[in-house]
Amino acid sequence: MKRKDKAMDWNDNDRVEGEETKLVTKFGCFFTAVIVGFLIISTVAWYLLSTQETRLKVSESPNHVNSVEIVKRDDFPSPSIRINYKNKSIMKTKIPDEISVEWKSDYEAVVTLTKQGREPDIVHVDF
């Protein structure tokens, strides 16, 4: 009888350890799936919420001393226009139909943003 008891104890311990191993494995798989899902959702949200720029126009001064860059930023909730020059920028909220840059000298430019049916928005840029 003692042999049977020892054999049963050994089988019971094996069975308990097997169940514990299965339980730990299930928890590990669950938490791994949760972490991977969180990473995927975070990556998609970051990509969708990050601002993206589209270059609309670049104009250089007559002697190529300075330049003006006009970009469209896809900000949330509505896009905006940025006029970048040197290390500065000017933001406008109306998206123009037409953009023109007229240089008065290498250090002064006039940017005209024209929207159909409205007065043009004129921006003076001094370097």
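Residues numbered from 1 in each chain as written. Predicted model: local features only at pLDDT ≥ 70, side-chain atom pairs only at ≥ 80, totals over all residues. Heavy atoms only, no water.

(A) Spatial organisation of the pattern of salt bridges. On inspection of all chains with the given rule, the structure shows three salt bridges. The salt bridge involving E53 is made with R73; its shortest N-O contact spans 3.9 Å. Of this pair, E53 sits in strand β1 (residues 53-60) while R73 is found in strand β2 (residues 67-73), placing the two residues 20 residues apart along the sequence. Taking relative accessible area as the criterion, E53 reaches 48% and is therefore assigned partly exposed. The buried category is assigned to R73, whose relative accessible area is 18%. The salt bridge involving D121 is made with K92; its shortest N-O contact spans 3.5 Å. Of the two residues, D121 sits in strand β7 (residues 121-126) while K92 sits in strand β4 (residues 88-92), which places them 29 residues apart along the sequence. We classify D121 as partly exposed; its relative accessible area is 29%. (Salt bridge = Lys/Arg side-chain N within 4 Å of Asp/Glu carboxyl O. Helix = DSSP H or I, 4+ residues; strand = E, 2+ residues; numbered from the N terminus. Buried < 20%, exposed > 50% of the residue type's maximum accessible area, 1.4 Å probe, protein only.)

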